[in-house]
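Examining the three-dimensional arrangement
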Amino acid sequence: MATQSDFTKPRFSENLWVKIGCNYSSKGIISKGVPQGSILGPKIFNCFINDLLITLSRYCTPGNYADDNTICVMHSDKNKMLSNLRIASQIAIQWFDDNLMQANPEKFQFMVLSPYRRKDKNAMYTLELGSITLTNVTQAPLLGVLIDQYLTFNAHVMGLCKKANFQLLTLKRLAYSMGAESKLTILKSFIRSNFSYCCHIWYFCSPTLREKVENIQYRGLRYVYNDYSSSYTALLERSGLQSVELLIQKTILVEIFKSIHNIGATYLANLFSFGKNSTRSNQVDLFVPRVKTKFYGLHSLRYHGTQLWQ
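Residues numbered from 1 in each chain as written. Predicted model: local features only at pLDDT ≥ 70, side-chain atom pairs only at ≥ 80, totals over all residues. Heavy atoms only, no water.

**Looking at the pairing of strand β4 (residues 68-72)**
- Two elements, strand β3 (residues 61-65) and β4, share five bridges in a ladder whose sense is antiparallel. Its bridge partner lying in β4, Gly63 is registered against Thr70.
- Here β3 folds back onto β4 in antiparallel fashion, the turn holding two residues, of which Ala66 has a positive phi close to 60°. (Pairing = 2+ DSSP bridges. Helix = DSSP H or I, 4+ residues; strand = E, 2+ residues; numbered from the N terminus.)

Structural data, given as structure tokens:
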């Protein structure tokens, strides 16, 4: 507490200034907020915004990452769902006003998630928040992942493939001007890394897109070694890399391990049902869930992850 008190005293904050290019502003005192880039800043901000999350939890399921807030409302009746979403959003906007913060209406978006693809394909909904009228979108970016209303993640993976293809063109131009080791480093750092972020979330996209992802890595390895005749398996062995499919499956198993030992995200742990193995006292088993559909059942992290762990 003494450290936090020191952090907000004028004698500390008066030594702060702003730099734009080569120009520096005069030193001044911060009247509100915390310095960006400081170690204590995020902790203090979380303490400050925690009241909003507690208030919203009575009406919805709030999600927060720094200053990025998401409100989730679930209901079988869409009219009731929109009403609850409107109430929760108005409470959040009022909280910002009461606490001398400003919400940015230009960034407001809302999306209706539904498993009924044909029935709700062209459904349009509106949400009125004072003078602001929002229309539901079919997809929206959230923390680097493009989420669509049916949770297929096809648009997200297509975006990843498009970005990786542009990067492959650069690698291709360097094919005869750099050594294989340097090109392999570029492949791993700038191209393959596209497919490691949140890969266990978008893994259940269409099989065609997953095949396209593997093909991108295959093409990259061909450019690395200037080898256009060897098979994908041979190039993987030569580079010491794994297929993207195996990379994702290992990521899923790591997340399950974290969930079993209570060191992972709570929302992921809640997806699985754990139990002790009767024959091996130290072994934890996952119960295979019963599913009713293929896309939201068999092709889900809850079901597929359990099968992998078994």
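**Examining helix α8 (residues 207-225)**
- For α8, with 19 residues, the first-to-last C-alpha span of 28 Å sits near the 27 Å given by 1.5 Å per residue.
- When we look at burial in α8, the residues that qualify are Leu209, Val213, Glu214, Ile216, Gln217, Tyr218, Gly220, Leu221, Tyr223, Val224 and Tyr225.
- A positive backbone phi angle near 50° is found at Asn226, which sits one or two residues after α8. (Expected span 1.5 Å × (residues − 1). Buried < 20%, exposed > 50% of the residue type's maximum accessible area, 1.4 Å probe, protein only.)

**Some words on the pattern of salt bridges**
- Under the criterion given, the structure shown has three salt bridges.
- Of the charged contacts in the structure, one is a salt bridge between Arg210 and Glu245, with a shortest N-O distance of 3.9 Å. Of this pair, Arg210 sits in helix α8 while Glu245 sits in helix α10 (residues 244-260), and the two are 35 residues apart along the sequence.
- One salt bridge in this structure joins Asp227 and Arg238, with 3.7 Å as the shortest N-O distance. (Salt bridge = Lys/Arg side-chain N within 4 Å of Asp/Glu carboxyl O.)

**So, unusual backbone geometry**
- The backbone phi angle of Leu100 is positive, close to 60°, even though this residue is not glycine.
- Relative to the elements of secondary structure, Leu100 occurs in the loop between α4 (78-98) and β5 (126-129).
- For Leu100, a relative accessible area of 67% corresponds to the exposed category.
- Even without glycine at this site, Leu151 takes up a positive phi of about 55°.
- With respect to the helices, strands and loops of the structure, Leu151 is situated in the loop between β8 (145-148) and α5 (154-173).
- We classify Leu151 as partly exposed; its relative accessible area is 36%.

**Details of the confidence of the model for the chain**
- When pLDDT is averaged across the chain, the result is 84; 88% of the residues are at 70 or more.
- Looking across the chain, the model is least confident in helix α2 (residues 10-13), with a mean pLDDT of 49, and most confident in helix α9 (residues 232-239), with 95. (pLDDT = per-residue confidence, 0-100.)

**Section: a nonpolar patch on the surface**
- On the surface, Tyr65, Leu142, Leu143 and Tyr197 cluster together into a nonpolar patch covering about 400 Å² of accessible area.
- Within the secondary structure, Tyr65 is located in strand β3. (Patch = residues over 30% accessible without salt bridge, like charges linked within 9 Å, V, L, I, M, F, W, Y side chains within 5 Å. Areas by Shrake-Rupley, 256 points an atom, 1.4 Å probe, with all protein chains shown as cover.)

**Details of the pairing of β8**
- Two strands pair when backbone bridges link them, and strand β7 (residues 139-142) and β8 are joined in this way by four bridges, in the antiparallel orientation. Along β8, the bridge assignment pairs Ala140 with Ile147.
- The turn joining β7 and β8, which pair antiparallel and follow one another in sequence, is formed by two residues; a positive phi near 55° is taken by Leu143.

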